[in-house]
Amino acid sequence: PGGFSFRKFNAMLLSTSLCFPWLIFCTSAFDNFLPFPNVTTPSLNKNGAYPESLQSNFKLAFSNRYGEYADAQLNQTLHSFTVSLWLWGTEKYASLSIFTYGNSTRYSVALLRKNYYYHVGINGRYHNCSSYSLFSSSPSHLLVTWNSGWGKFSVYKDGYLVCGAYLQRGGVIERGGEFRIGGSYGFRGEIAYLNVYNTFTNTTEDVRSYRRRSFSDPSAIIPWNAFLLNTHGTVRILPEYDIFKNTFTRLKCHPTGMELILLRVGFNFLDPRELVLLNDACRPTLVNSTHVIFFANLSDCGTEVIEYRYSSVLYHNEVRLRGSPSRVVRQADAINRTRVEGKLRSISFDCWYDMTTVKQPIYAPHITSFHKGGRGGSTKGFKITLYHDSNFSHAFTEQEYPINVEMEKEVFVEVALLRRERSPDIWISRCRATPSADYFDPVCYDLIEYGCPNAADDHIQYYNTSRLGVRRFSFQTFRFNDYPSAVVFLHCQIQFCDPADAYSRCRRGLNIC
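Basis of the calculations
- Residues numbered from 1 in each chain as written.
- Predicted model: local features only at pLDDT ≥ 70, side-chain atom pairs only at ≥ 80, totals over all residues.
- Heavy atoms only, no water.
- Helix = DSSP H or I, 4+ residues; strand = E, 2+ residues; numbered from the N terminus.
- Buried < 20%, exposed > 50% of the residue type's maximum accessible area, 1.4 Å probe, protein only.
- Polar contact = N/O pair within 3.5 Å; in protein donor to acceptor, adjacent residues only side chain to side chain.
- Contact = heavy atoms within 4.5 Å.
- Phe/Tyr/Trp six-rings, centres within 6.5 Å; stacked < 30°, edge-to-face > 60°.
- Lys NZ or Arg CZ within 6 Å of the ring centre and 35° of its normal.
- Disulfide = S-S within 2.5 Å.

The subject of this paragraph is the environment of Glu178. One can find Glu178 in strand S13 (residues 178-182). With a relative accessible area of 22%, Glu178 lands in the partly exposed category. Taking the C-alpha atoms as reference points, Glu178 and Tyr101, separated by 77 residues in sequence, lie 5.6 Å from one another. For Glu178, the side chain forms a polar contact with the side chain of Arg180, separated by 2.6 Å.

A few words on the side chain of Thr385. Structurally, the position occupied by Thr385 is in strand S26 (residues 382-387). A residue is classified by how much of its surface remains accessible, and Thr385, at 11% relative accessible area, is buried. If near-sequence neighbours (up to four positions away) are discounted, Thr385 is found in contact with Ala395, Tyr401, Phe412, Val413 and Glu414.

It is worth spelling out the packing of aromatic side chains at this point. In the structure shown here, the tally under the stated rule is 20 aromatic pairs. One aromatic cluster in this structure is built from Trp427, Tyr445, Tyr462, Phe473, Phe475, Phe478 and Phe480. In this structure, Arg180 is placed above the aromatic ring of Tyr69, and the distance from its NZ or CZ to the ring centre is 3.6 Å. Across the ring face of Tyr450, the terminal group of Arg430 is positioned such that the distance to the ring centre comes to 5.2 Å.

Structurally, Ala165 is set in strand S12 (residues 160-166). Residue Ala165 is classed as buried on the basis of its relative accessible area, which comes to 15%. Separated by 13 residues in the primary sequence, Ala165 and Lys152 have C-alpha atoms spaced 5.9 Å apart. Look past the residues within four positions of Ala165 in its chain and what remains in contact with it is His127, Gly151, Lys152 and Phe153.

Disulfide: a covalent bond connecting the sulfur atoms of a pair of cysteines. Following the criterion strictly, the structure yields six disulfides and no others. Linked covalently through their sulfurs, Cys253 and Cys351 form a disulfide whose S-S length is 1.9 Å. In this structure the cystine formed by Cys253 and Cys351 twists about its S-S bond by roughly -80°; its chirality is therefore left-handed. With a gap of 98 residues between them, Cys253 in strand S17 (residues 249-253) and Cys351 in strand S24 (residues 346-354) connect regions that are remote in the sequence. Classification of Cys351 as buried rests on a relative accessible area of 0%. Each sulfur of the disulfide joining Cys497 and Cys506 lies 2.1 Å from the other.

Below is the structure:
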């Protein structure tokens, strides 16, 4: 009764930047959004009812106990059928009943697993399918379809044919029986959005269209909510959000901000004019008949850093109704009779930004006859800047890179985050020099390792600065013996710290070296 939150999903985006790899991990969490018993639900639609897409956003969880099943009645005779469902978390080798239809003496339709094989049955005739084709620990879409005229049946998993044969040509599925999920052989796992149709499906496009329908389909002869109303035993009805989230939302983590895309068909009870981000001034950037799109700049719209993890930082924002609280109340007790206020708590979204390694051609050893030129790129996360002086007041310009220097001269290096107004503190974790742009070049020299200067080099010096998100050091120039005229590249990695943590790596600094 206290509410629930959506779990996170992960995606990965790797930029095409040649000189500055920028790896982004995207996560999204939706909090207290879908309705379930005893929780205040979203607004009613024009007809005074909750929108169909949200009425049945639940799954059935089975624990393989005796008497666990859900059922519904079939009220018409079928010459063809399609059963569409989502299935996951099943035991790989156990015997189980996914669904059956019939009476106490015979199954007219069945999808069972016995020993190592799945069995598809039509009017007492069965065909074996490989057990490995259908097993999945994560949500997978299954579709079973049959046609009387050909006697053909097919089983699809996630849009691809995995089993098929011919059974009971010219037969019919008589009405009046009980369509059951779980039952005779027991079942352990989770099932969602099982809908039964009186049509045969034989094209890839049609198969995949059922995957997109999901939920309780009003065009089905037995819709999903019919099973939700008829559960037996200790079957648990739980909110389902993974499939809903993946169907109706998209999250893109861009270098400068986070883009959240909502498909309006899944959120048709919301008025886009009433939606804002954590900063009320930030509204949707695009609204049309099909989509609502938000863009949360990393340095604006209320976007905040909520977690640090070594060289990564988690940025967070939320879509909420204008004027509603920005925080979700979470309750951990087994029961709670406190009413959850508000129609829509929030849709929160987060992006992990992993600023891995920045590399830059910093200097070319001075050669009497010539020097090797080149220019580095620029990073979207943090940057390396060289200075002429130990006061760090006169920086080299981009046009001067790589600089031409004599040996045994001081090079003054600043590593700084680009967005310091909302940044955590940083510490330089590692800096390595190489004669190429390849960090893993076997010819290399480590200036800083694990946050400490190379103990064998007395010419590396740290400089104190009060600026958050900035670190400075210097070293003496050198050349590589095997490549004496090569431009020297500097690769640096940073570690994030919570500025409020008195025991962080940033606070301890060189004291632990």
